[in-house]
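Residues per chain are reported as follows:
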Amino acid sequence: MMNEEIKIPEHVAIILDGNRRWAKKRGLPTQLGHSQGAKALEDIAVACQERGIKYLTVFAFSTENWKRSKEEVEYLMDLLAKKISDFDRKFDNRNVRIKLVGDRNGLPAHLLEGIDAIAERTQNNDGLTVNVAINYGGRAEIINATKSIVEDIKKGILSENTEINEALLTRYMYTKDDPDPDLLIRTAGEVRTSGFLTWQSVYSELYFTDVTWPDFDEKELDKAIEEYNNRKRSSYN
């Protein structure tokens, strides 16, 4: 466990990268890498809650991932649906809230049904909030938020004289009810954010590790939190 003097970030975001590389390195099918990555997410969610982290947002499937093979995409959709159900049972008594972050358009019905069911059942939980980013792209989120503002002006929900500012746009983001991430982690050696939480992460501390996601455990999480504590945060963050 962490030293009691360590400052725990309120919101941690993670780009779950390296499932396929983990499997390839071991001569295993890609599907086993994704399955092991899903298990790692369960373990990290528990570790986050034990450390007092209030929000965990994970990049599970990007808008770019649709370019993968049909077989892999279908497997990922089925795996996400199954693991969300497993997640529900595992965290039933842990006061965890689970939400979808992303564009619902194009997602299979069985996945949406599972997400909606767990989101409704856990909506009043106020412990750890887990945002699962599926069919997510940072630029797409900003575009969708802008379109929604325009639609609300047309409908009269917003006045035509409404000032377009940061506060208004934030209200139309997928994470509108959550604070911006304090710490953004990416696994598997890539040193970029790939459009993850583009709007929300402007003041996030970035942490990159060569460890692939299936091998990212609570010790690796603690390393990231320790590094976060070594950063000098400005008063406006």
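Whatever comes next refers back to the structure up there.
Q: Even after reading the chapter, I still don't get the overall build of the protein, so can you show me in this structure?
A: When its secondary structure is counted, the protein shows seven helices and six strands. Each helix and strand of the protein, ordered N terminal to C terminal, gives the series β-α-α-β-α-β-α-β-α-α-β-β-α. The C-alpha radius of gyration of the protein comes to 18 Å, within 12% of the 18 Å expected for a compact globule of 237 residues. On the principal axes, the C-alpha backbone points of the protein span a range of 60 × 45 × 35 Å. Buried residues in the protein amount to 46% of all 237 residues. Excluding contacts between residues fewer than 6 apart, the proportion of contacts in the protein whose partners are at least 24 apart in sequence is 76%.

Q: It is not clear to me how the packing of helix H2 (residues 30–50) against helix H3 (residues 70–90) should be interpreted in this structure. Could you clarify?
A: Helix packing for two helices is described by the angle between their axes and how far apart those axes are. At a minimum axis distance of 10 Å, the contact between H2 and H3 shows a crossing angle of 25°. Regarding the angle of H2 to H3, the classification is roughly parallel. For the crossing formed where H2 meets H3, the hand is right-handed. The residues of H3 that touch H2, namely those facing Thr 30, Gln 31, His 34, Ser 35, Ala 38, Leu 41, Glu 42, Asp 43, Ala 45 and Val 46, are Glu 71, Glu 72, Tyr 75, Leu 76, Leu 79, Lys 83, Asp 86, Phe 87 and Lys 90.

Q: Please clarify how the packing of aromatic side chains should be interpreted in this entry.
A: We describe a pair of aromatic rings using the distance from one ring centre to the other and the angle between the two ring planes. If you walk through the whole model with that rule in mind, you get six aromatic pairs. Look at Tyr 136 and Tyr 174: their rings are 6.0 Å apart centre to centre, the planes differ by 65°, and that puts the pair in the edge-to-face class. Of this pair, Tyr 136 sits in strand E4 (residues 129–136) while Tyr 174 sits in the loop between helix H6 (166–171) and strand E5 (183–186); the two residues are 38 residues apart in sequence, bridging distant segments of the chain. When the ring of Trp 213 is compared with that of Phe 216, the centres are 5.5 Å apart and the planes differ by 20°; the resulting orientation is stacked. Classification of Phe 216 by relative accessible area gives buried; the value is 2%. An aromatic cluster is built from Phe 59, Tyr 136, Tyr 174 and Phe 196, whose rings are joined through pairwise contacts.

Q: What is the right way to read the environment of Gly 37 from this model?
A: Here Gly 37 shows up in helix H2. For the pair Gly 37 and Asp 17, spaced 20 residues apart in sequence, the C-alpha separation works out to 8.9 Å. Apart from the residues within four sequence positions on either side, Gly 37 is in contact with Asn 19, Trp 213 and Pro 214.

Q: Help me understand the pairing of E4 in this model?
A: If a strand is regular, its side chains alternate between the two faces of the sheet. Counting buried residues along E4, eight of its eight residues qualify, which places the element largely inside the surrounding structure. As paired elements, strand E2 (residues 55–62) and E4 share seven bridges and run parallel to each other. Pairing of Val 58 across the sheet is with Val 132, part of E4. Where strand E3 (residues 97–101) and E4 come together, five bridges link them in parallel fashion. By the bridge assignment for E4, Val 101 is matched with Ala 133. The parallel pair E3 and E4 is bridged by helix H4 (residues 109–122), and the resulting crossover is left-handed.

Q: Help me understand helix H7 (residues 218–230), please; the structure alone is not making it clear to me.
A: The α-helix winds at 3.6 residues per turn, so residues separated by three or four positions along the chain end up facing the same way. With 13 residues, H7 should reach 18 Å at 1.5 Å per residue; the first-to-last C-alpha distance of 19 Å fits that figure. Along H7, the residues classified as buried are Glu 220, Leu 221, Asp 222, Ala 224, Ile 225 and Tyr 228. The N-cap residue of H7 is Asp 217: its side-chain oxygen and the backbone nitrogen of Lys 219 are 3.2 Å apart.

Q: It is not clear to me how the pattern of salt bridges should be interpreted in this structure. Could you clarify?
A: Between side chains of opposite charge, a pair can form when the charged atoms approach closely. Applying the stated criterion across every chain, the model contains 18 salt bridges. Residue Glu 205 pairs with Arg 231 through a salt bridge whose shortest N-O separation is 3.0 Å. Within this pair, whereas Glu 205 is found in strand E6 (residues 205–208), its partner Arg 231 is found in the segment after H7, the two being separated by 26 residues in sequence. Take Arg 231: its relative accessible area is 25%, and that puts it in the partly exposed class. Glu 220 is the salt-bridge partner of Lys 223, the closest N and O atoms lying 3.3 Å from each other. Of this pair, Lys 223 and Glu 220 are both found in helix H7, three residues apart, which corresponds to roughly one turn of the helix. For Glu 220, a relative accessible area of 13% gives the class buried. Overlapping salt bridges bring together Asp 17, Arg 21, Arg 186, Glu 190 and Arg 192 as one network.

So, how was this worked out
Residues numbered from 1 in each chain as written. Predicted model: local features only at pLDDT ≥ 70, side-chain atom pairs only at ≥ 80, totals over all residues. Heavy atoms only, no water. Helix = DSSP H or I, 4+ residues; strand = E, 2+ residues; numbered from the N terminus. Rg over C-alpha atoms; globule rule 2.2 N^0.38 Å. Buried < 20%, exposed > 50% of the residue type's maximum accessible area, 1.4 Å probe, protein only. Contact = heavy atoms within 4.5 Å. Axes fitted to C-alpha atoms, helices over the stretch in contact; angles between N-to-C directions. Parallel < 35°, antiparallel > 145°, perpendicular 65-115°, else oblique. Left-handed = near helix turned anticlockwise from the far one by under 90°. Phe/Tyr/Trp six-rings, centres within 6.5 Å; stacked < 30°, edge-to-face > 60°. Pairing = 2+ DSSP bridges. Right-handed = clockwise from strand over helix to strand, strands pointing away. Expected span 1.5 Å × (residues − 1). Polar contact = N/O pair within 3.5 Å; in protein donor to acceptor, adjacent residues only side chain to side chain. Salt bridge = Lys/Arg side-chain N within 4 Å of Asp/Glu carboxyl O.

Function cannot be read off these values alone, since they describe shape.
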